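Take a look at the letters that make up each chain.
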Amino acid sequence: MNASSPQASRPTPQPHLFDLTRDELASWIEEQGEKPSHADRIFRAIYKHNRTTLMGVQNLPDRLAQKLEETFSLSPLETERVLDSSDGTRKILFRLYDGARVETVCIPSGKRMTLCISSQVGCALGCRFCYTASMGPGRNLAVSEYISQVVEGLRQAPCEYSVVNIVFMGMGEPLVNFKNLLSTLSILTDHFGLQLGARRITVSTAGLSPQILGLGEAFPVRLALSLHATTDEVRDDLMPINQRYNIANLFETLQQLQELPGQRDVAVLLEYTLIRDVNDSLEDAHRLAELAQSIRSKVNLIPYNEHPGAPYRSPDDEVLWPFMQILQQAGVRVTKRITRGDDILAACGQLAISSPRSTTTAP
Ligand code: SF4
């Protein structure tokens, strides 16, 4: 591999050191005629000791440190805006090298810090209830843009924490950005890198069946499926990806996923946004219970969060409890999502779109 390789996935004037997995870095170092094992100490320096310069790293030759710094950037993402909610949630708007913007959300809960990170600028899947979709197709984030959200998100966390969870539930569809997602997971779980347990990572998808299995084969991370409908007729309309991978296909895929060695004791999180008069009937609740029981799962009910220009409405309060009860009586584990950060433009993508200097780029 040469220095131009990471640039292929990150069209910047200079590749970033966060773009490389440890194996890729070791190969690059070997190509320079140096010992590939230096990759271990470089990873430790940048991820464990948060070094932003490599000169002076113990046992790292100065000539290699200099060459790395000439070839790769180590600059942090530019923070454009930070919004704090009264409930402790912090939303950070990052400006990327090309002027595009993405959001990262820090959600504290006791000693736990959950970082919700973005995968794309905009999203091409066009779910009708989604604010990010209104930004258009945008582009995939590079590995370094993924990793920088984690590094900066933890650095700017609003309070002390001892446990970190990462959820890929921000802007965009992570399984469309599949190659970069896998490299990112490699760095996040690397014991010389950020050393996060795979079970502390949840990847959310609108339902790309082939990549769901590919992900499960590569990493024992948790999966969240944005289901949001119990019939193909409604889901085709709400989430056009359903026309490619329908509900029956998805649940067959999830059954196969749960047979993989790393997934045998893991439940899939089924996310279900309740939208008034669209998917909130008691018949929907019965169908959802049946789907949930066909795999190991937990259901997370999310009352729809109305936002400007949205074609849908929040569910009636009187609908939520009977809906939940039907699921519980069927033996389904169900929670209602507590909405966090309501006062800071909570809908995903809302902050990036409402930013006065917001721009997005076409792929
Ligand atoms: S819900 Fe997710 S997959 Fe659907 S358009 Fe929004 S970001 Fe894309």
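What counts as what
- Here the residue index of a chain counts from 1 through its sequence in written order.
- Under the rules for a predicted model, residues below a pLDDT of 70 receive no local features and side-chain atom pairs below 80 are neither given nor counted, while totals for whole chains, interfaces and linings still include all residues.
- The helix and strand labels rest on DSSP assignments: H or I over at least four residues marks a helix, E over at least two residues marks a strand, and numbering proceeds from the N terminus.
- Around each residue's C-beta, the other C-beta atoms within 10 Å are counted; 20 or more make the residue buried, 12 or fewer make it exposed, and counts in between make it partly exposed. All C-beta atoms are placed from the backbone.
- Distance between backbone-placed C-beta atoms decides contact: two residues are in contact if it is within 7 Å.
- Two strands are counted as paired when DSSP detects at least two bridges linking them.
- The pLDDT value tells you how sure the predictor is about a given residue, anywhere from 0 up to 100.
- Using a C-beta atom placed from the backbone, a residue is described as near a molecule or strand when that atom lies within 6 Å of it.
- Under the scheme applied here, ten amino acids are nonpolar (Ala, Val, Leu, Ile, Met, Phe, Trp, Tyr, Cys and Pro), four are charged (Asp, Glu, Lys and Arg), and all others, including Gly, are polar.
- What we call a nonpolar core is a set of buried Ala, Val, Leu, Ile, Met, Phe, Trp, Tyr and Cys residues whose membership is set by joining through C-beta atoms within 7 Å.
- Segmentation into domains, and thus their bounds, comes from an automatic or database assignment.
- Note on geometry: axes are lines fitted to C-alpha atoms, helical ones only across the stretch in contact, with angles between N-to-C directions running from 0 to 180 degrees.
- The directions considered for the arc are those from the helix axis to the C-beta atoms.
- Relative orientations are named as follows: roughly parallel for angles under 35 degrees, roughly antiparallel for angles over 145 degrees, roughly perpendicular for angles from 65 to 115 degrees, and oblique for any other angle.

Q: How should I be thinking about the environment of Ala-285 in this particular structure?
A: Residue placement: Ala-285 occurs in helix H10 (residues 282–293). The exposure class of Ala-285 is buried, given the 26 C-beta atoms found within 10 Å. For the pair Ala-285 and Pro-322, spaced 37 residues apart in the sequence, the C-alpha separation amounts to 8.7 Å. Contact partners of Ala-285, with chain neighbours within four places excluded, come to Phe-323, Ile-326 and Leu-327.

Q: Can you help me understand the pairing of strand S3 (residues 101–109) in this one?
A: Taken residue by residue, a regular strand's side chains alternate between the two faces of the sheet. Summarising burial for S3: 7 of the 9 residues are buried, a large majority. For S3 and strand S4 (residues 112–116), the ladder comprises 5 bridges, and the chain directions are antiparallel. By the bridge assignment, Pro-108 is partnered in S4 with Met-113. If you look at the hairpin formed by S3 and S4, you'll find 2 residues sitting between the two strands, and Gly-110 has a positive phi there, around 60 degrees.

Q: Can you help me understand the confidence of the model for the protein chain in this one?
A: Detailed reading of predicted coordinates is not advised where the pLDDT is low. Summary statistics for the protein chain give a mean pLDDT of 90 and a share of 89% for residues scoring 70 or more. Between residues 1–11, whose pLDDT stays under 50, and residues either more than four places distant or in other chains, the model counts 22 contacts. Taken together, the stretch residues 356–363 has pLDDT below 50 and engages in 19 contacts with residues farther than four places along the chain or on a different chain.

Q: How should I be thinking about the site of the ligand in this particular structure?
A: Residues in contact with the ligand, as listed here, are Cys-123, Leu-125, Gly-126, Cys-127, Cys-130, Thr-132, Ala-133, Met-171, Gly-172, Glu-173, Ala-206 and Ser-226. For the shell around the ligand, the residue count by class is 7 nonpolar, 4 polar and 1 charged.

Q: For this particular structure, what's the right way to read the nonpolar core?
A: The tendency in soluble globular proteins is for nonpolar side chains to be buried side by side. Among the nonpolar cores identified, the biggest contains 92 residues, and Leu-115, Cys-127, Leu-270, Leu-288 and Val-299 are the most heavily contacted of them. Among the elements that make up this core, the one with the highest residue count is helix H3 (residues 38–48) (6 residues). Built from parts of two domains, this core gets at least three residues from each of domain 1 (14–71) and domain 2 (78–354). Among all residues touching Leu-288, those that are not within four sequence positions of it are Thr-230, Tyr-272, Val-299 and Leu-327.

Q: When you look at unusual backbone geometry in this model, what are you seeing that I'm missing?
A: Across the chain, the bulk of peptide bonds are trans and the bulk of non-glycine residues have phi less than zero. With phi around 65 degrees, Asn-59 is a residue other than glycine that occupies positive phi space. Mapped onto the elements of the fold, Asn-59 is located in the loop between H3 and helix H4 (62–71). Note on Asn-59: 7 C-beta atoms within 10 Å, which makes it exposed. Positive phi, normally seen in glycine, also occurs at His-228, with a value near 65 degrees. With respect to the helices and strands, the residue His-228 is situated in the loop between strand S9 (222–226) and helix H8 (232–238). Overall, His-228 belongs to the buried group, with 26 C-beta atoms counted inside 10 Å.

Q: When you look at the sheet that holds strand S2 (residues 90–95) in this model, what are you seeing that I'm missing?
A: Strand-to-strand pairing in sheets goes through backbone hydrogen bonds, with the strands running parallel or antiparallel. On the basis of which strands lie adjacent, the open sheet formed by 10 strands has the order S1-S2-S3-S4-S7-S8-S9-S10-S11-S12 and mixed pairing. The open sheet has two free edges, formed respectively by strand S1 (78–84) and strand S12 (333–336), since each of these has just one partner strand. Taken over all neighbouring pairs, the strand axes of this sheet differ in orientation by 20 degrees on average, direction set aside. Sheet analysis places strand S10 (residues 268–274) next to strand S11 (residues 297–303), joined by 7 bridges and oriented parallel. The residue bridging Glu-271 from the neighbouring strand is Asn-300, located in S11. Contacts from helix H5 (residues 143–155) reach S1, S2, S3, S4 and strand S7 (163–168) within the one sheet, and its direction differs from that of S3 by about 45 degrees.

Q: Could you clarify how one ought to interpret helix H7 (residues 209–218) in this entry?
A: Along an α-helix, residues three or four positions apart point the same way, because every turn accommodates 3.6 residues. Residues of H7 that are buried: Ser-209, Gln-211, Ile-212, Leu-215 and Gly-216. Take H7 and look down its axis: the buried residues cluster within an arc of 165 degrees, on one side only.

Q: In this structure, what is going on with the packing of H7 against helix H9 (residues 247–257)? I would like to understand it.
A: Between two packed helices, what matters for the description is the angle formed by their axes and the separation of those axes. For the pair H7 and H9, the least separation of the axes is 10 Å and the interaxial angle reads 10 degrees. Here H7 is positioned roughly parallel relative to H9, judged by the angle of their axes. Where H7 abuts H9, its residues Ser-209, Ile-212, Leu-213 and Gly-216 lie against Asn-249, Leu-250, Thr-253, Gln-256 and Leu-257. Here the contact of H7 with H9 is composed, by residue class, of 4 nonpolar, 5 polar and no charged.

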